[in-house]
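Each chain, written out:
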Amino acid sequence: MVRRDRQHIIVTEWTRPEPYKPPRLKFRPKSPPTPKDPAKHAQTVRRVIETAIADAALKRATIAATIPRATPGANVRVESPRGFDLKTSTLQPKRGGKGIDILAMHTDAGVQSAVVFIPEASAKYLYKRLDDYAKKPLKSKARKHRDFVERIARTRAASLRDVWTDDPATFPSAGQLKWWEVWLRRGDGNELTRLRSAAGQFNVPIAKECLFFEERVVVLARATVETLETLFAVSGDIAELRLPNVLASDFSELPPAEQPDWVEELLDRLSPPGRNAPAVCILDSGVNRGHPLLKPALNAADMHTCDQLWRADDDRGHGTQMAGLALYGDLTIHLAGTHALQMSHVLESVKILPPPPLANDPRVYGMLTAEAVSRVEIQAAARKRCFMLAVLDESRRDRGKPTSWSAAVDALACGGAVAPDDDGLLYLDGNEPGEGRIFVVAAGNVNTTEVDHLTRSDLEVVHDPAQAWNALTVGAFTEKATVDVNDATLAGYTTLAPAGELSPYSSTSRSCQPQWPIKPDVVMEGGNKVCPPSRSHALQADCVSLLTTHHKPAERLLTTTWATSAACAQAARMAATIGATYPALWPETVRGLIVHSAEWTDAMHASLKGKPSRRDRENLVRRYGFGVPSLDRALRSARSATTLIVQDRLSPFANKKMKELHIHELPWPTDVLAALGETAAQVRVTLSYFIEPNPASTGWQRRHRYASHGFRFELNTPTESVSDFRKRLNELALDEDEEAPKAPDRQEGWFLGEDIRSRGSLHSDYWVGTAADLAARGHVAVVPRTGWWKDRANYGRLQNGARYSLLLSIETERTDVDIWTPIANAVEVRSMVEA
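Worth saying up front: this structure is predicted, and the values here are computed from it rather than measured.

1. Some remarks on the pairing of strand E33 (residues 680–688)
Working step 1: Taken across its nine residues, E33 has seven buried, putting it largely inside the fold.
Working step 2: Relative to strand E35 (residues 762–770), E33 is paired through nine bridges, and the arrangement is antiparallel. Paired with Ala 680 across the strands is Thr 770, a residue of E35.
Working step 3: In the sheet, E33 pairs with strand E37 (residues 802–812) via eight bridges, with the strands oriented antiparallel. From the neighbouring strand, Val 685 faces E37, where its bridge partner is Leu 808.

2. Notes on empty space enclosed by the protein
Working step 1: Inspection of the entire model under this criterion finds six cavities of 30 Å³ or more.
Working step 2: Along its surface, the largest cavity is lined by Val 45, Ile 49, Val 76, Val 78, Leu 91, Val 116, Ile 118, Leu 126, Leu 130, Phe 148, Ile 152 and Thr 155.
Working step 3: Elements with a minimum of two residues in the lining of the largest cavity: helix H1 (38–62), strand E4 (73–79), strand E6 (111–119) and helix H3 (123–134).
Working step 4: Grouping the amino acids of the lining of the largest cavity by side-chain chemistry returns eleven nonpolar, one polar and no charged.

3. Considering the sheet that holds strand E8 (residues 178–185)
Within a beta sheet, neighbouring strands are joined by backbone hydrogen bonds and run either parallel or antiparallel to one another.
Working step 1: The strand order E9-E10-E8-E11 describes an open sheet built from four strands, whose pairing is antiparallel. Looking at strand neighbours, the two that pair on one side only are strand E9 (206–212) and strand E11 (238–242), the edges of this open sheet. Strand-to-strand twist across the sheet, computed as the mean angle between neighbouring axes with direction ignored, equals 25 degrees.
Working step 2: The pairing of E9 with strand E10 (residues 216–223) spans four bridges and is antiparallel. When the sheet's bridge partners are listed, Ile 206 is paired in E10 with Ala 221.
Working step 3: Against the sheet, helix H6 (residues 225–235) engages E8, E10 and E11, with an angle of about 155 degrees to E11.

4. Considering the packing of aromatic side chains
Working step 1: The tally for this structure, following the rule as stated, stands at 14 aromatic pairs.
Working step 2: Arranged with centres 5.3 Å apart and planes meeting at 90 degrees, the rings of Trp 164 and Phe 171 form a pair that is edge-to-face.
Working step 3: Its relative accessible area of 4% is what places Trp 164 among the buried residues.
Working step 4: Here Phe 171 falls in the buried class, since its relative accessible area comes to 10%.
Working step 5: Aromatic pair Phe 171 and Trp 180: ring centres 5.8 Å apart, planes at 75 degrees, arrangement edge-to-face.

Cut-offs and rules
Residues numbered from 1 in each chain as written. Predicted model: local features only at pLDDT ≥ 70, side-chain atom pairs only at ≥ 80, totals over all residues. Heavy atoms only, no water. Buried < 20%, exposed > 50% of the residue type's maximum accessible area, 1.4 Å probe, protein only. Helix = DSSP H or I, 4+ residues; strand = E, 2+ residues; numbered from the N terminus. Pairing = 2+ DSSP bridges. 1 Å grid on protein atoms, 1.4 Å probe; cavity = no way out; pocket = protein on both sides within 12 Å on 5 of 7 lines; lining within 4 Å. Points joined across faces, edges and corners; volume = space filled by probe spheres on them. Nonpolar A, V, L, I, M, F, W, Y, C, P; charged D, E, K, R; others polar. Axes fitted to C-alpha atoms, helices over the stretch in contact; angles between N-to-C directions. Contact = heavy atoms within 4.5 Å. Phe/Tyr/Trp six-rings, centres within 6.5 Å; stacked < 30°, edge-to-face > 60°.

Below, the structure is given as structure tokens:
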């Protein structure tokens, strides 16, 4: 065991920003085939648009309602040829064609489809391009607008189903009165007023709470398919429809384990947190601060509710269970021990679940989360905190796609402001960035008695909003592999999962679409299940669960809990402990350190049989995340295992082009590493940053459309000079007429490789080689990737650049060799020179 007794080294002034232009692509994309009769094809598309506009005008004239300041137009669905994309820049033009807007997009079996709103006054923009294409070109000349028209295979008037972006099987039946999540396109600022006016005339209830994103407004409406079909046809504002979130609120309780003497003995060993301690803010069913183990860390002023009619204490039990784990971890360890315990952080609570038997009215749960954030930040604005969310939507229909809730978590995490509006609404406003926020979110549970738990977990996708890019999503594994031999009811029983394996309760992202982030990010203890001798089924049992605080301390003090919510609470505790130890670290860095400290157990590695393929490795990380984090590794370095931390800001775009990249010169102890020669060495790199979301389904077709921007890391290879490294990455580093150097095998030695690790906004991987080769890998680049910020030249947040945290750890198999001291000395000398 390596003794970790050194602080991590925070590196500053080692960054070299450089103007950046991506290397030129060496291939040309294929063009779709030309129709047999190009002129007829263009005329058919035009006729469909004309008919749709005429039909919409007739419908507006016949309905017994007026929609103030509505834009006359029609919704049209266009489909691409199989294997090709639509030319979206013409379907949503930046110049000309005012108001032509893509509402929703889908891809199915290689065919891309888009629903486009076409205002009457702007249809001529498309007509001209269709007519120009229909004209026979001069010899050797290509038809005008060929790349636009030939990428349209079929066209028809759009229906309400075409803007349904949830699972098609969940589309409501005709005549059924349902709550809908209605996504309005943001245009002149009056879209919400128009919807409320029209809804009043059609007797459609509209929820008061709204959620504002850069391109969409999300609101709930209760209506039938037929009524919404009419509103969709005549308003011009409805862009997408989805189901509202439905929460699971039936939290089971176990018989209590009453051990008041143990609790009192633990209290005698406790030291309370410091005055400026960070907090874990629990968004759940409330917390009962009357519990003696919680009272030292939870003030009455830090208990809030999302409804002023509710009491702030816990009616259900779940929130208090989470509070015990977020403060102490598994209480079994502390109650059985004799060590002193210094509390590093405090608790805050926001009750987002109503007291039973009540259930929340249908609402936008992203809005509820924003409201909860607002309440604690108003109460204690200067306090550092992490937010813990283990109340999830269990419908599992999203398959990793963004939702209003997950996008709200992303927006809040990247520093979106929360402010009240005159109408009582709340906004997520990205133009004035605040400090980022760290959200620790449970992955979601698998509720089954099946014994083939790995197969079931692989099919169970993480629950909304656990797919949020910026969240630290926590799944569950287990080391609890011993059945209580003193429990006669469990005679002959064995544990379901072996030690170190995925907990039977944990969901994964194995069946998510591959373009979405790797989730969970990490796994922590979530308990096990037990099986009878027949192994016919699996059951929950106290002996393989975690011990925590009970919400009715007057009746009982302790209870057990399990699953991904328990794992999530422990991860939140870890985040707060890191924040207390290193107060200057950003939320991006705290999230990165937790992942950076994670390792796969032997049982997890055993799932890789023989020589693992690329798919095997991706399956590993989509089941277990990056492994089990270690608080010891997250907090401290060792003489022979050193972690460097870089916190910096990069401006990815300017004038709708790439702007800069960063190259970091690493303070490697090259002499020490070179002297070790062929000794095995490892470098681990983690890049953590927060994106700003664009949750409209138009952003789902390409990853860069949901994310505001992206970053990637690159290390120079052992045989690559710094000059060649720069030229490989950056066209601006080349001399005139100079060809880029031949790219070396950048994947060699990396466990995951760029294709797997580059999902989402957190990228982690490790390289294994010799110490001599590591000595030659002394430069790391942070390179921007495109996103929707790139097309917003005057967007407020773009002017400030984007933050990122870069973490690098090196170690060798020689634990007697001091790596930390020469690195620390080099950083100190460099800092003195820079000063």
